[in-house]
Amino acid sequence: MVALDTVWPADSIEFCPHESASEIFVCGTYRLEQPPADSDVQVHTALDDGKVDFEPTTIKQSQVRRGKCLVLQVAEDREISQIQEISLPAVLDQKWCHTSQTASPVLGIADSEGNVTLHEWHKEERRLKAFQSVSCAPSDVLCLSLDWSTRRYPANNYGSLVVSLSNGSLCVLNPDSIGNLTIVNRWHAHDYEPWIAAWNYWDTSIVYSGGDDLTMKGWDVRQNFKQPIFTNKRHVTISTYFVYFSYPRRFNAGVTTIQSHPHIEYLIAVGSYDNNVCIFDTRKPLVPLVQGDVGGGAWRVKWHPSPSRKEDLLVASMHDGFKVAKAHHGDDVTWEIVKRFDDHKSLAYGVDWSFAPPSADGETLIASCSFYDHMLHLWSS
């Protein structure tokens, strides 16, 4: 096992999926600058207990959130070397765009000042170079998550990008005639922070979102966004005279993570602060096929990139480390935790599978990072 101190609190890990750069991965960090001791700013810890506090009660000067994108390389002996450091506002999420092998790898970074910045990987120079920044919202609004539409069908272009914003909105960006991403849709999606937005990789007219309002929603980007195509929300009980109507409880806390399965159509994994991960059939998105307790709030879920391990799901469980689960998919879907990684001593946030070929023992490399102890670990499963 290899460990690295990221110096600043770490919250995001993403391996490059491009065959020419599968040894490259990025780690995002998030640091809240402390105000001067004599100021009247009420300090709120970023991402404390899994949530960003957006509403300080006393403030005379704005708080500053800073971050970095650490570009790292894994050697054949699985040692880590840092090859670049990019200074940004605090990093909330990062995603590599799945492009064809003839196109250069591109990384999108969502930051705490309402921006998405795009960086291209230059193989010869071993560096990321920024080539576009898109302002998705005012600087006091955080970009919480982002997802590319090309995971299932990589192409030479970028496809579409969906971004969730701390003001409750989602926005969709498409390439224009010269290839620059521009916002084509923006709409109010959730009453509280939408922690996650994700494409249906098999049908890229559909976006899923989840938020602190205890709901998961589906959206058709071809429609006008006045209402979602479905809403999966916490149960309600309605009494009419002497009759009570009770609707089943779906999520007992905010919805934090969603990922469409890249190898099995109609399956999505959904995680929540309520310590559970649910697997849904997108054709029946109100009742899960199976629900698994992961011991802590599920901040990220990642399906294994190989179709030969399509049942394996990687989970960042916040207060209970990292786990690999098997969602056995037959006549019924079953759930089993097959591996734990508990070497992190703080909130488990960022995690990802490597896209490189497995080792001789068949295991896939995994990178994970945690917040307050600002540590990054390499392990395998």
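Further up the page is the structure itself.
Residues numbered from 1 in each chain as written. Predicted model: local features only at pLDDT ≥ 70, side-chain atom pairs only at ≥ 80, totals over all residues. Heavy atoms only, no water.

> Would you take a moment to explain the sheet that holds strand β8 (residues 106-111) for this structure?
Strands in a sheet are paired, the pairing made by backbone hydrogen bonds, and the direction either parallel or antiparallel. Strand order in the open sheet made by the 4 strands is β7-β8-β9-β10, with antiparallel pairing throughout. In this open sheet, the two edge strands, each paired with only one partner strand, are β7 (91-97) and β10 (127-135). Across the sheet, the axes of successive neighbouring strands diverge by a mean angle of 25°, strand direction being ignored. (Pairing = 2+ DSSP bridges. Helix = DSSP H or I, 4+ residues; strand = E, 2+ residues; numbered from the N terminus. Axes fitted to C-alpha atoms, helices over the stretch in contact; angles between N-to-C directions.)

> Honestly, empty space enclosed by the protein in this entry has me stumped. Any pointers?
Vacant regions in the atomic arrangement are exposed by a probe of water-molecule size rolled over the atoms. One pass over the structure, following the stated rule, counts 4 cavities of 30 Å³ or more. Taken as a whole, the largest cavity encloses approximately 190 Å³ of empty space. Residue lining of the largest cavity: 16 residues in total, with Glu14, Lys95, His98, Arg151 and Gln259 positioned closest to the centre. Breaking the lining of the largest cavity down by element, the ones donating at least two residues are β2 (10-15), β7, β11 (143-148), β25 (300-303) and β29 (348-353). In the lining of the largest cavity, the residues fall into 8 nonpolar, 2 polar and 6 charged. The volume enclosed by the second largest cavity comes to roughly 90 Å³. (1 Å grid on protein atoms, 1.4 Å probe; cavity = no way out; pocket = protein on both sides within 12 Å on 5 of 7 lines; lining within 4 Å. Points joined across faces, edges and corners; volume = space filled by probe spheres on them. Nonpolar A, V, L, I, M, F, W, Y, C, P; charged D, E, K, R; others polar.)

> Honestly, the sheet that holds strand β21 (residues 255-260) in this entry has me stumped. Any pointers?
Read from one edge of the open sheet, 4 strands run β21-β22-β23-β24, paired in antiparallel fashion. In this open sheet, the two strands that pair with only one neighbour each are β21 and β24 (290-293). Across the sheet, the mean angle from the axis of one strand to that of its neighbour is 20°, orientation sign disregarded. Judged from the 4 bridges that link them, strand β23 (residues 276-281) and β24 form a sheet pairing that is antiparallel. Residue pairing across strands places Asn276 opposite Asp293, the latter belonging to β24.

> Any chance you could explain the nonpolar core here in plain terms?
Generally speaking, soluble globular proteins have nonpolar side chains that are buried together. Membership of the largest hydrophobic core comes to 19 residues, with the highest contact counts inside it found for Cys136 and Val163. With sequence-adjacent residues up to four places away left out, Val163 is seen in contact with Val116, Cys136, Cys143, Ser145, Leu146, Ser169, Leu170, Cys171 and Leu173. One finds Ile264, Ala269, Val277 and Ala298 within the second-largest nonpolar core, a separate group that totals 16 residues. (Core = buried A, V, L, I, M, F, W, Y, C linked by side-chain atoms within 4.5 Å. Buried < 20%, exposed > 50% of the residue type's maximum accessible area, 1.4 Å probe, protein only. Contact = heavy atoms within 4.5 Å.)

> Mind showing me how you'd approach the packing of aromatic side chains here?
In this description, a pair of aromatic rings is defined by centroid distance and the angle of the planes. Under the defined criterion, the tally for this structure stands at 15 aromatic pairs. Judged by centre distance (5.0 Å) and plane angle (85°), the ring pair of Phe371 and Tyr372 falls under edge-to-face. Residue class for Tyr372 comes out partly exposed when judged on its relative accessible area of 37%. Through a chain of ring-to-ring contacts, the aromatic side chains of Tyr30, Trp195, Tyr273, Trp299, Tyr349, Phe371 and Tyr372 assemble into a single cluster. Lying across the ring of Trp8, Lys68 places its NZ or CZ 4.5 Å from the centre. Across the ring face of Tyr266, the terminal group of Arg283 is positioned such that the distance to the ring centre comes to 3.8 Å. (Phe/Tyr/Trp six-rings, centres within 6.5 Å; stacked < 30°, edge-to-face > 60°. Lys NZ or Arg CZ within 6 Å of the ring centre and 35° of its normal.)

> Any chance you could explain the side chain of Ser346 here in plain terms?
With respect to the helices and strands, Ser346 occurs in the loop between β28 (333-341) and β29. Given a relative accessible area of 15%, Ser346 falls into the buried group. A polar contact is formed between the side chain of Ser346 and the backbone nitrogen of Tyr372, at a distance of 2.8 Å. Look past the residues within four positions of Ser346 in its chain and what remains in contact with it is Met318, Ser370, Phe371, Tyr372 and Asp373. (Polar contact = N/O pair within 3.5 Å; in protein donor to acceptor, adjacent residues only side chain to side chain.)

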